[in-house]
Amino acid sequence: MVVTSLRRYPVKSMGGEALASAELDHRGFHGDRWYAVVDGDGRFASVKDTRRFRRRDAVVRYTASTTADGQVEVRSDDTSWLVGDPLLDRHLTTAMGSEQRILPEAAVSHQDAGAVSLVGTATIAWCAARWGGSDDPRRLRVNIVVETQTPFIEETWVGHQIALGSAALTVVERIPRCRMIDVEQDGTSPRAPWLRSLGSERDLYLAVYADVSRPGVITLGDEISVL
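Residues numbered from 1 in each chain as written. Predicted model: local features only at pLDDT ≥ 70, side-chain atom pairs only at ≥ 80, totals over all residues. Heavy atoms only, no water.

## Let's talk about the sheet that holds strand β8 (residues 63–66)
Read from one edge to the other, the open sheet built from three strands follows the order β8-β9-β10, with strand pairing classed as antiparallel. Both outer strands of the open sheet, β8 and β10 (79–82), are each paired with one neighbouring strand and no more. For this sheet, the mean inter-axis angle between neighbouring strands, taken without regard to orientation, is 25°. Bridge count for strand β9 (residues 72–76) against β10 is four bridges, and the pairing is antiparallel. When the sheet's bridge partners are listed, Val74 is paired in β10 with Trp81. Lying over the sheet, helix α1 (residues 86–96) contacts β9 and β10, oriented at roughly 125° with respect to β10. (Pairing = 2+ DSSP bridges. Helix = DSSP H or I, 4+ residues; strand = E, 2+ residues; numbered from the N terminus. Axes fitted to C-alpha atoms, helices over the stretch in contact; angles between N-to-C directions. Contact = heavy atoms within 4.5 Å.)

Quick look at the structure:
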């Protein structure tokens, strides 16, 4: 089993960036979901409504990436801004119909649960074969994709440590999914919905969360060892 994809999302709910290697600290991928679009009530822009999130579908039309000097650039169509530019907040406010700001993580974590998310290629292929649509892992917004032969084998790693590159992760739980997996976002189109079938057949669970037990660096092609 080897790492086939590494992906970071500098701004929560926006499109992200592919990486050749990723540095992990105890929070997860360095810079992952460090920023979020926040309204006047302190709720994060998303495609769902909860106590933590407010539905702002326009957020997925933006893409965030990291510049060579470590700044975060946000792009919409042919326009781009660096995070911190008042014009970016103004653009988001107009697009979402209420005051919005991009803010760094503070007292409230921007991560939903585990520090890192992971899925196997066999799992995604199984879902696409059963329910149709795209098998592009970007629809799941995971950090790590691992080449696997058995669907859902990553779920058997819950409670175990895995080593990859110079880092080690402890797999902590399965991930309950939301409507984001059926939304056109992060450069991919789902083409067929999965959420309803996922709920009836798998209690909404798809992919796993892991915490970082040993910080380090992961690179594409690194082998995975389950300890």
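Read on for the rest.
## Description of the packing of helix α2 (residues 121–131) against helix α3 (residues 195–202)
The geometry of α2 relative to α3 is characterised by a closest axis approach of 11 Å and an angle of 105° between their N-to-C directions. The orientation of α2 with respect to α3, classified from their angle, is roughly perpendicular. Contacts from Trp126, Arg130 and Trp131 in α2 reach Ser197, Leu198, Glu201 and Arg202 in α3. Split into classes, the residues belonging to the contact of α2 with α3 amount to three nonpolar, one polar and three charged. (Parallel < 35°, antiparallel > 145°, perpendicular 65-115°, else oblique. Nonpolar A, V, L, I, M, F, W, Y, C, P; charged D, E, K, R; others polar.)

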